[in-house]
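Structural description and commentary
Here's the letter readout for the chains.
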Amino acid sequence: MKTFFTPLLISIGLLISNPGDANDERNELSTLPELGDPSQQALPLQQEREMGQALVAYLQHNGLLVQDPDLRSYLDSLTNQLLGWVKTPYPLSFYIIDDPSINAFAAPGGIIALHTGLILASQTESELASVVAHEMAHISQRHAARNYALAQKLSLPTAAAMLAAILIGSQSPAAAQAAIIGVQAGSIQNQLNYSRSHEREADSIGMQILHQANIDATGMSDFFLRLQQQSRYSGNQIPPFLSTHPVTDERIANAQDRNRHQKGQGRRDSLGFHLARIKLLTRYTTDPQQTLFQLSKQDSNNPLVKDAARYGQALILQKTGRYSQARNILSSLVKKHPDEIQFILALARVENDASNSQQALAYYQAAYDTFFNNPVLILDYSRLLSQQRQFTKALSLLKPLTQQTSAYQSDAWYLFADTLYQSGNTAIAKESMAEYFLLSGNVAAAIGQLKQALESSNLHITDRERITARLSELKRNRPHSNE
């Protein structure tokens, strides 16, 4: 992890949940200001969005985000179960950070990030869901904005300094760290009591979200209790999550008490959760053979854990070139779980790696007949079609995905452009690549691609008019451009 990243997360965590005297829990939820209170306008929504965008740009630029489509698909499925039960001032965006530490955070602008270490530390889906719901509650109540409002005595430059610290991070990590330390030194004391109330409120609202989504809310107290117990034996190695979300006996007791007053337990686990954990485990293993042996000896009584372990074995066998063994395991899992598309995708990938591209295409087509809206399947299938020079079919599958606002839209535009390049349609490929750059926030590169597209001598008049109009639109919306 880059040196700038840790203080950046700490600073954002402090804005949302500062550690303090664990015994001072006197403030009641009713003392928190209403969202309509004018003091909440201390941090405008537009500024929050800019802070969130700057943070995501930094994470992407430094390669800190996990791009695995299967993991992203699982996170989508989990968060979609929760999103319908919470109101937020702006759409939420979820990310997985490639870091083995146990941490999660909610940042201004609707950004929620989970470390891979947090996913691995969770033992059931309800535990992971409880953390996600807790962070969603932070955003729904605009806790970052509340803390800025509370720090009125320090004036708005505090907020401006934090924004500047984030924005200059990619150019000057040392300067960013210095700015963040300055902000913390001036504001932390004024935020202590208030942030404890934030944690209590996020617990309460998070559990409401879980209950309404029919997910077992005991996962929250279970996860907090286990982290607390582990930290007692770890000396100074306290998980970062506990630093920004201090867990007390009273918080755990309150969570347990709230759950006792709710009817029903809800869903506790899922196969998708365990597949995600296993994929991370195989991703980080430094000794594939030892991991393969351990997975083969899995003796859990939980059938979900057992099947996930078999999936992990297949992934390692595939990585080490033992395709026949991987195929046998995955074929049996597909028969047992015909509705679990991740097994079908894994089987198709094994066949492709084994140079059985036609069999892989057959698996993809069969899966598409059933799961035609699955974005991971569409991207996988289209990529192989393009490699097999079936460009028309690949483009027809990708086109709808490029028009859908989702976490997969950027990948769809990139693959759409690449397929056009391979088919020889260079000008339209550059137009498509411009859309990819726009989604990545690189307006200058998008303008450059459109200009290059217009240089094509055989561009159809309707295509030229469309590209010219798009170029003019981008220039109009880029007031500082010298062009």
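In short, a report on the structure.

Conventions used here
Residues numbered from 1 in each chain as written. Predicted model: local features only at pLDDT ≥ 70, side-chain atom pairs only at ≥ 80, totals over all residues. Heavy atoms only, no water. Helix = DSSP H or I, 4+ residues; strand = E, 2+ residues; numbered from the N terminus. Buried < 20%, exposed > 50% of the residue type's maximum accessible area, 1.4 Å probe, protein only. Contact = heavy atoms within 4.5 Å. Areas by Shrake-Rupley, 256 points an atom, 1.4 Å probe, with all protein chains shown as cover. Salt bridge = Lys/Arg side-chain N within 4 Å of Asp/Glu carboxyl O. Pairing = 2+ DSSP bridges. Axes fitted to C-alpha atoms, helices over the stretch in contact; angles between N-to-C directions. Lys, Arg positive; Asp, Glu negative; His and termini not counted. Polar contact = N/O pair within 3.5 Å; in protein donor to acceptor, adjacent residues only side chain to side chain. Expected span 1.5 Å × (residues − 1). Phe/Tyr/Trp six-rings, centres within 6.5 Å; stacked < 30°, edge-to-face > 60°. Lys NZ or Arg CZ within 6 Å of the ring centre and 35° of its normal.

1. Some remarks on the overall build of the protein chain
The helix and strand inventory of the protein chain stands at 23 helices and three strands. Taken across its 483 residues, the protein chain has 52% of its residues classed as buried. Taking as baseline every contact in the protein chain between residues at least 6 positions apart, the subset at least 24 positions apart corresponds to 67%. Just so you have it, the protein chain exposes about 22100 Å², and 51% of that area is on carbon and sulfur atoms.

2. Here's the deal with the pattern of salt bridges
With the rule as written, the count across this model stands at 17 salt bridges. The salt bridge partner of Asp307 is Lys336, with a shortest N-O separation of 3.0 Å. Taken together, the residues span a long stretch of sequence, with Asp307 in helix α14 (residues 303-319) and Lys336 in helix α15 (residues 323-336) at a distance of 29 residues. Linking Glu351 and Arg327 is a salt bridge whose minimum nitrogen-to-oxygen distance equals 2.7 Å. In this pair, Glu351 sits in helix α16 (residues 341-353) while Arg327 sits in helix α15, placing the two residues 24 residues apart along the sequence.

3. A few points about the sheet that holds strand β3 (residues 111-115)
Taken together, three strands build an open sheet; the order of strands is β1-β3-β2 and the sheet is mixed. Each of the sheet's edge strands pairs with one partner strand only, and the pair in question is β1 (93-97) and β2 (104-107). Within the sheet, the average angular offset between the axes of one strand and its neighbour, ignoring direction, is 20 degrees. Sheet topology places β2 next to β3; four bridges connect them, and they run antiparallel. Within β3, the position partnered with Ala106 by the bridge is Ile112.

4. A closer look at the pairing of β2
The two faces of β2 match: Ala104 and Ala106 on one face and Phe105 and Ala107 on the other face are all buried. Joining the antiparallel neighbours β2 and β3 is a turn of three residues, in which Gly109 adopts a positive phi near 90 degrees.

5. Brief notes about the side chain of Asp269
Here Asp269 lies in the loop between α11 (249-260) and α12 (271-284). Notably, Asp269 is buried but unbridged: the nearest opposite-charge side chain belongs to Arg268, and the N-O separation is 6.5 Å. Within the local environment of Asp269, its side chain forms a polar contact with the backbone nitrogen of Glu125, the two atoms lying 3.2 Å apart. Side chain to side chain, Asp269 and His274 meet in a polar contact 2.8 Å long. Contact partners of Asp269, with chain neighbours within four places excluded, come to Gln123, Thr124, Glu125, His274, Asn302 and Leu304.

6. Brief notes about helix α2 (residues 45-61)
Over its 17 residues, α2 extends 24 Å from the first C-alpha to the last, a length consistent with the 24 Å expected when each residue adds 1.5 Å. Every buried residue of α2 is listed here: Gln47, Glu48, Met51, Gly52, Ala54, Leu55, Val56, Tyr58 and Leu59. Looking one or two residues past α2, Gly63 carries a phi angle of roughly 65 degrees, positive in sign.

7. Describing the environment of Lys393
Mapped onto the secondary structure, Lys393 falls in helix α19 (residues 391-402). Separated by 12 residues in the primary sequence, Lys393 and Tyr381 have C-alpha atoms spaced 9.9 Å apart. What Lys393 contacts, discounting residues up to four positions off in sequence, is Gln365, Tyr381 and Leu385.

8. Side note on unusual backbone geometry
With a phi angle near 65 degrees, Ser355 is a residue other than glycine that sits in the positive phi range. With respect to the secondary-structure elements, Ser355 resides in the loop between α16 and α17 (357-370). Even without a glycine there, the phi angle at Arg389 is positive, about 65 degrees. Tracing the backbone through its elements, the reader meets Arg389 in the loop between α18 (375-387) and α19. By relative accessible area, Arg389 is classed as exposed at 56%.

9. Points about the packing of aromatic side chains
Across all of its chains, the model carries seven aromatic pairs by this definition. When the ring of Trp413 is compared with that of Phe416, the centres are 5.8 Å apart and the planes differ by 85 degrees; the resulting orientation is edge-to-face. Of the two residues, Trp413 and Phe416 both sit in helix α20 (residues 409-423), three residues apart, roughly one turn of that helix. Judged by relative accessible area, which is 8%, Phe416 ranks as buried. Following the ring pairs from residue to residue traces out a cluster consisting of Tyr364, Tyr368 and Tyr381. Directly above the ring of Tyr284 sits Arg283, whose terminal nitrogen or CZ lies 6.0 Å from the centroid.

10. Details of α14
The end-to-end C-alpha distance of α14 is 25 Å, a good match for the 24 Å that 17 residues give at a rise of 1.5 Å each. Most of α14 sits inside the fold, with 12 of its 17 residues counted as buried. Here α14 has its buried residues at Val305, Asp307, Ala308, Ala309, Tyr311, Gly312, Gln313, Ala314, Leu315, Ile316, Leu317 and Gln318. Turning to α14, the residues buried within the fold contact α3 (69-83), α12, α13 (288-296), α15 and α16. One side-chain oxygen of the residue at the start of α14 lies 2.9 Å from the amide nitrogen of Leu304, identifying that residue as Asn302. Of the residues one or two after α14, Gly321 is the one with positive phi, at around 80 degrees.

11. Topic: the side chain of Glu340
Tracing the chain through its elements places Glu340 in the loop between α15 and α16. We note that Glu340 is buried and unpaired, the nearest opposite charge coming from Arg349 at a distance of 9.9 Å. In this structure Glu340 touches Leu271 and Leu275, once residues within four positions along its chain are discounted.

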